[in-house]
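A closer look at the structure
One-letter residues, chain by chain:
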Amino acid sequence: MIRTTAKLADGRELIYFDSDAAADRGTRDLRPLEPIGSRSEIRRDPATGAWVTIAAHRQSRTYHPPADECPLCPSRDGRLSEIPDADYEVAVFENRFPSLTPAPAAADLLAGPHAPSPPYDVRAGNGRCEVVCFTSDHGASFADLDEARARLVLDAWTDRTAELSALPGVEQVYCFENRGTEIGVTLAHPHGQIYAFPFPTPRTARTAEQAARHRAATGRNLFEDLLAAERADPVRVVAAGEHWTAFVPYAARWPYEVHLHPHRRVPDLTRLNEDQRAELPGLYLDLLRRFDRLFGTPQAPVRAPYISAWHQAPRTGGEELALHLELFTVRRTADKLKYLAGTESGMEAFINDVSPETAAQRLREVAS
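What comes next is a walk through the structure.

Here is what the cut-offs are and how they apply
- Residues numbered from 1 in each chain as written.
- Predicted model: local features only at pLDDT ≥ 70, side-chain atom pairs only at ≥ 80, totals over all residues.
- Heavy atoms only, no water.
- Helix = DSSP H or I, 4+ residues; strand = E, 2+ residues; numbered from the N terminus.
- Buried < 20%, exposed > 50% of the residue type's maximum accessible area, 1.4 Å probe, protein only.
- Disulfide = S-S within 2.5 Å.
- Pairing = 2+ DSSP bridges.
- Axes fitted to C-alpha atoms, helices over the stretch in contact; angles between N-to-C directions.

1. Some details on unusual backbone geometry
Of note, the bond from Pro 118 into Pro 119 is cis; its omega dihedral lies within 30 degrees of zero at 15°. Inspection of the secondary structure puts Pro 119 in the loop between helix H1 (106-110) and strand S6 (122-124). Not every positive phi belongs to a glycine, and His 64 is a case in point at roughly 45°. With respect to the helices and strands, the residue His 64 is situated in the loop between strand S4 (51-54) and strand S5 (90-94). Judged by relative accessible area, which is 38%, His 64 ranks as partly exposed. Positive phi outside glycine occurs at Asp 77, with the angle close to 50°. Structurally, Asp 77 is set in the loop between S4 and S5. Given the relative accessible area of 84%, Asp 77 is considered exposed.

2. Quick word on the environment of Ser 355
Its place among the elements puts Ser 355 in the loop between helix H6 (342-347) and helix H7 (356-365). When its relative accessible area of 32% is taken as the criterion, Ser 355 is described as partly exposed. Sequence spacing of Ser 355 and Pro 255 is 100 residues, and the spatial spacing of their C-alpha atoms is 7.5 Å.

3. Brief notes about the state of the cysteines
Covalently bonding the sulfur atom of one cysteine to the sulfur atom of another cysteine gives a disulfide. The final tally for this structure, using the stated rule, is zero disulfides. With no disulfide partner, Cys 70 has as its closest neighbouring cysteine sulfur the one in Cys 73, 3.8 Å distant.

4. Brief notes about the sheet that holds S4
The strand order S4-S3-S6 describes an open sheet built from three strands, whose pairing is antiparallel. The sheet is open, and its two borders are formed by S4 and S6, each paired with just one other strand. In this sheet, neighbouring strand axes are inclined to one another by 30° on average, regardless of whether the strands run parallel or antiparallel. Sheet topology places strand S3 (residues 41-44) next to S4; four bridges connect them, and they run antiparallel. Bridge pairing links Ile 42 to Thr 53 in S4.

Printed below as a string of structure tokens:
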């Protein structure tokens with residue numbers, strides 16, 4: 001992997017990841033951009049203890065531009081984009097409309113028009129948000145990549161996890177991809193994002209509490225026991241290799257949901273060994289392609305809307321957690337979506353219309 005850093009016209013960082021050492025990455029960003037001055041804050045919900053990010057500046061972010069105005073395509077034919085070069089393999093840059101931003105002075109928040117008093121609490125939304133472009137091909141998808149390109153993306157995720165985890169105030173690094181307008185994607189170009197949070201996310205915090213209870217009750221690690229149980233009775237196993245196993249979770253929330261775990265538990269992407277890294281791209285691509293065949297055919301796959309979420313342990317309090325992928329689609333049939341309506345959105349009580357065992361069987365059936 002060849003890593004080259006550059007600066008965009010407004011001072012944001014841009015990083016190219018290449019497999020070819022001969023790639024020339026010297027093109028400058030010539031756009032007349034003003035420096036980013038946006039700020040965000042995080043407010044604690046006194047009823048649940050969860051932090052909520054307030055990022056009002058994101059209302060003006062780019063929304064469904066036509067293909068010839070895509071900001072993630074390379075700069076070509078006189079049209080300047082977020083990527084100054086005329087081509088690239090994998091590119092990562094700071095989001096121009098970030099949810100989390102470099103922290104304003106604490107005094108600014110405490111003296112502002114919404115200064116908190118008990119029971120309220122506010123902090124600076126200190127963190128960083130990055131965009132990961134998987135390919136320069138606007139019409140492609142992650143599932144269209146070959147294993148070498150998927151490995152390059154994995155190397156980029158790992159690089160960014162290591163660097164962002166070391167930033168002051170960052171507690172958790174989250175790599176993810178949203179695909180499909182049904183998910184809420186506003187840019188069609190194949191890309192993902194990375195958030196460096198100033199707090200452990202609510203789902204991670206709840207999982208850490210459950211893992212601690214399991215350790216206290218059994219003396220064992222929760223994730224190691226979950227993986228062992230699924231491998232011992234593989235009714236929900238979708239695919240497996242020498243170093244990874246993908247399965248539908250016992251209490252799946254989504255109609256089609258797969259969790260991918262390494263056999264050797266690690267806290268985050270930086271701790272994977274070379275055997276795990278070598279096997280992951282092929283298995284991950286296989287899962288994405290199975291999702292596309294769920295509602296189409298091998299000859300005519302239909303791109304499924306999905307969220308691909310890498311769960312990594314936070315900086316503190318994550319000793320019992322395990323790196324794993326959670327991949328799920330909001331589609332429950334070829335022409336029906338799973339909406340988060342009253343029970344899910346109002347009470348966080350999921351109701352699944354497809355049994356996990358049936359989902360696993362269907363995902364096995366659509367193997368190539």
